[in-house]
Amino acid sequence: MSAATAVSAENICYSDVRSVANRVAAQLQLCCPHSSTSYPLARVIHARIITSGFRPRAHILNRLIDIYCKSSHFTYAKQLFDGIPQPDVIARTTLIAAYSASGNPKLAREVFDKTPLNIRDTVFYNAMITCYSHNNDGHSAIKLFNDMKRKGLFPDNFTYTTVLAASSLIADHENHCKQLHAVVAKSGTETVTSVMNALVSLYVKCASSPMASSALLMDSARKLFDEMTVKDELSWTTIIAGFVRNNNLDAAREVFNKMDEKLVVAWNAMISGYVHKGLISEALEMFRMMSLQGIKQDEFTYTSVLSACAEAGLFHFGKQLHAYILRTEVKTGGEFLVSVNNALITLYGKCGKVDQARKIFGQIAVKDLVSWNAVLSAYVSARRINEAKHFFEKMPEKNSLAWTVMISGFAQNAFGEEGLRLFNQMRLNGIEQCDYAFAGAITACAVLAALEQGRQLHCQIIRLGFDSSLSAGNALITMYARCGVVEAAHTLFLTMPCLDSVSWNAMIAALGQHGHAAQALELYEEMLEEQIPPDRITFLTLLSACTHAGLVEEGRRLFNSMSENFGINPGEDHYARLIDLLCRAGKFSEAKNVIQNMPFEPGAPIWEALLAGCRNHRNLDLGVQAAERLFDLMPQHDGTYILLSNMFATAGRWEDAAKVRKLMRDRGVKKEPGCSWIEVENNVHVFLADDTAHPEMHAIYDYLYKLVLRMRKLGYVPDTKYVLHDTESEQKEYALSTHSEKLAVVFGLLKLPRGATIRVFKNLRICGDCHNAFRFMSMAEQRLIVVRDGKRFHHFRNGECSCGNYW
């Protein structure tokens, strides 16, 4: 007979109170253990009690209160509790436990304070101490524990276990652990496994405090663990996870190897520790051993191993694991947990398989915020920004991470304006902006060369207390460097409270871009002295610095040290930098030898570097060979056609130049227009070659004409070889005067206060005549003129350029 039938068929005889009470208690017993039918059934029983006039005793009422609490119907539980003239300690304890589970310690304390002292017992105190512990209020838990002892009540094993758990929330020094250890020793509970587990956990958690000695506390935890007469699953997992959390994987593995029973939680702790430490092969070996020993993996195992595959780019292994999960879990009636699906999305996304990641996302029945963010990150990582934008707009809920990922995605893919717009929208929507969001916005300023806006963000970071953030600090270094203020970048680098390899790389890159190659190499030596291991990015920045300064010997030495001293195999980008270095120095034979001996087929970056070097040294024959390779590899890239055509034009081979231009038109390749821009009074002014659109263009040309006359007196002569069209000399000089970078610099001279630095940015390489003209402008105007072109910065001061005319 079903529970509902038992209730409806009940025909209570109210003359026998004891019989009725027993029957009601039996009916309530049907509500245990708790299930989805417990609450409606209890309501029916409760209604029958009220309508029948039966007055139940405390144990019946307590059972009802317990059922209502476990069903999360606290209002009914409290109404029933308030209706009892003198609720006993059991009812009060039940209500406190319920409020604890619901995360409401304030209401629990109200019940506690209204309870008469004469009925309070140890279990009652334990409930309130547990409430504080579960709600992360360690101080209140310890205070109540001391109050309990003052009231003459004797703590039991559960009391000590709970108090130690609460203490681990606030203990941050060795003395705290020793004091509590002494309390346990005096209580005589040192042989109780649950109490000892809590004490070991206290030492382990305190070891993570920056104010404590991690090694000393973990030694104490290990000593306690070894002295335990009876160890359970929690004992082993606590000490192993403790060593893992405190970065002592060798000690964790030693304890792990001594386990008689290989516990899944311990295996997971070891695998997770190896993954977080970057020891991917060790993590995968643990997973293999786990499978060989027949230990059942769970969702934590799968997510850790999938994360390892994602971090290491082991797509094929991850795909095999995906198949294994499908075969072993789904066929046995199991379903993918959302955490495993999220790990799979991250794996496919990080390995560039975005469409497959999106397919897995579409198959998840119940998606969480992590699922949405994982797909969004996959689109951003693959530089599929338009799809990322549409996906972001469709997200039903967006947390700070989603906004930050999208802002950074815009910034890192040259959509600086959209990144800043989204950052401002995030603030207007009331979403809390973390240091990573600021880092993304600052990166957008770097892309746009928006110095003043970047400075404003720097001020906000200081005001909000994010100035110690590594991500924000590193972004600021890059922003100041890319906006032409390398001194501010260096000052920031020197004053940052902590540095990582990204910080060093950013500063080395900044010095190299601004022509301070010697300082960049000195900083690299300091980096090694600080025992910061260089990575592949470090060597890219160093090789670029050497290239800009013509430091061939230093560049060769650094390139060779990558594999010899640091075990880093040079990639195609490193080879491209080396070839660029050699070709700029005119060492074409050596460059060709490097290309022939590369461990892989040369790609477009290699031939681009060779072609650029041929342009600088007018090596037309080799340049034609490089261009032909590029035509095959990147037929739609405009730069190849322009460089080759310019080389022919410089050599006076106008017909060949015209043929290249015609080939470009026939293939539908469009030249990227050269443009320059300058920020004046928080407005960005953009100029094109031969510009007539700017409202002050007449004043600009007029000032430029007068300025050139002054420059000629100082020795400036327009270099008409940079006009790549066969025209008359006067027309060539006029064409040179209308270059976008000249117009932008002259506008700055007109508008910025006397003595202010002129900072101009150009999307392409600076024209040779413009470079020469700016030297004379800086002398004539007594101004510092900073120009960033597509490759590097040029600082013009008193007729000299920071590049030493090597660019």
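Residues numbered from 1 in each chain as written. Predicted model: local features only at pLDDT ≥ 70, side-chain atom pairs only at ≥ 80, totals over all residues. Heavy atoms only, no water.

Focus on the pairing of strand β1 (residues 675–680)
Part 1 of the argument: Counting buried positions along β1 yields six of six residues, so the element is predominantly enclosed.
Part 2 of the argument: Residues C675, W677 and E679 line one face of β1 and the alternating positions S676, I678 and V680 line the opposite face, and both faces are buried.
Part 3 of the argument: Relative to strand β2 (residues 683–688), β1 runs antiparallel, the two being bridged by six bridges. The residue of β2 that forms the bridge with C675 is L688.
Part 4 of the argument: Counting the residues between successive antiparallel strands, the hairpin from β1 to β2 contains two residues, one of them, E681, with a positive phi of roughly 50°.
Part 5 of the argument: Note: β1 against strand β3 (residues 758–762), three bridges, orientation antiparallel. Bridge pairing links W677 to F761 in β3. (Buried < 20%, exposed > 50% of the residue type's maximum accessible area, 1.4 Å probe, protein only. Helix = DSSP H or I, 4+ residues; strand = E, 2+ residues; numbered from the N terminus. Pairing = 2+ DSSP bridges.)

Focus on the sheet that holds β1
Part 1 of the argument: Strand order in this open sheet of six strands is β2-β1-β3-β4-β5-β6, and the pairing throughout is mixed. Two strands close off the open sheet at either side, each with one partner strand: β2 and β6 (800–801).

Quick look at helix α10 (residues 157–167)
Part 1 of the argument: All buried positions along α10 are accounted for by T159, Y160, T162, V163, L164, A166 and S167.
Part 2 of the argument: Here the buried face of α10 lies against α8 (122–134), α9 (138–150), α11 (174–187) and α12 (193–206).
Part 3 of the argument: Between the side-chain oxygen of the N-cap and the backbone nitrogen of F158 there are 3.2 Å, and the N-cap of α10 in question is D156. (Contact = heavy atoms within 4.5 Å. Polar contact = N/O pair within 3.5 Å; in protein donor to acceptor, adjacent residues only side chain to side chain.)

Quick look at the packing of helix α25 (residues 416–428) against helix α26 (residues 435–448)
Part 1 of the argument: The N-to-C vectors of α25 and α26 enclose an angle of 150°; their axes lie 8 Å apart at closest approach. Looking at the two axes, α25 sits roughly antiparallel to α26. Seen from above, α25 lies across α26 with left-handed handedness. The segment α25 lies against α26, with G416, E417, L420, F423 and M426 engaging A437, F438, A441, A444, C445, V447 and L448. (Axes fitted to C-alpha atoms, helices over the stretch in contact; angles between N-to-C directions. Parallel < 35°, antiparallel > 145°, perpendicular 65-115°, else oblique. Left-handed = near helix turned anticlockwise from the far one by under 90°.)

A short note on the packing of aromatic side chains
Part 1 of the argument: Evaluated as defined, the whole model comprises 25 aromatic pairs.
Part 2 of the argument: Geometrically, the ring pair formed by F315 and Y348 is edge-to-face, given 5.5 Å between the ring centres and 75° between the ring planes. Linking F315 in helix α19 (residues 315–330) with Y348 in helix α20 (residues 338–350), this pair joins segments that are 33 residues apart in sequence. Each member of the pair F315 and Y348 is classed as buried.
Part 3 of the argument: When the centroid spacing of 5.5 Å and the interplanar angle of 70° are considered together, the rings of F361 and F391 count as edge-to-face. Here F361, found in helix α21 (residues 354–363), pairs with F391, found in helix α23 (residues 385–394); they are 30 residues apart in sequence, far enough to count as distant. Each member of the pair, F361 as well as F391, carries the same accessibility label: buried.
Part 4 of the argument: Pairwise contacts between aromatic rings join F361, W372, Y379 and F391 into one cluster.
Part 5 of the argument: Stacked on the ring of F315, the Lys or Arg K353 has its end atom at 5.1 Å from the ring centre. (Phe/Tyr/Trp six-rings, centres within 6.5 Å; stacked < 30°, edge-to-face > 60°. Lys NZ or Arg CZ within 6 Å of the ring centre and 35° of its normal.)

Concerning the nonpolar core
The nonpolar side chains of soluble globular proteins are, as a tendency, buried together.
Part 1 of the argument: Counting residues in hydrophobic clusters, the biggest one holds 216 residues, and the most contacted among them are I239, I240, L376, M479, M507 and L610.
Part 2 of the argument: Among the elements that take part in this core, α12 stands out by supplying nine residues, more than any other.
Part 3 of the argument: Discounting residues that sit within four places of it in the chain, I240 has contacts with A252, V255, F256, M259, A266, A269 and M270.
Part 4 of the argument: Listed in part, the 33 residues of the second largest apolar core include L707, V708, L752 and I766. (Core = buried A, V, L, I, M, F, W, Y, C linked by side-chain atoms within 4.5 Å.)

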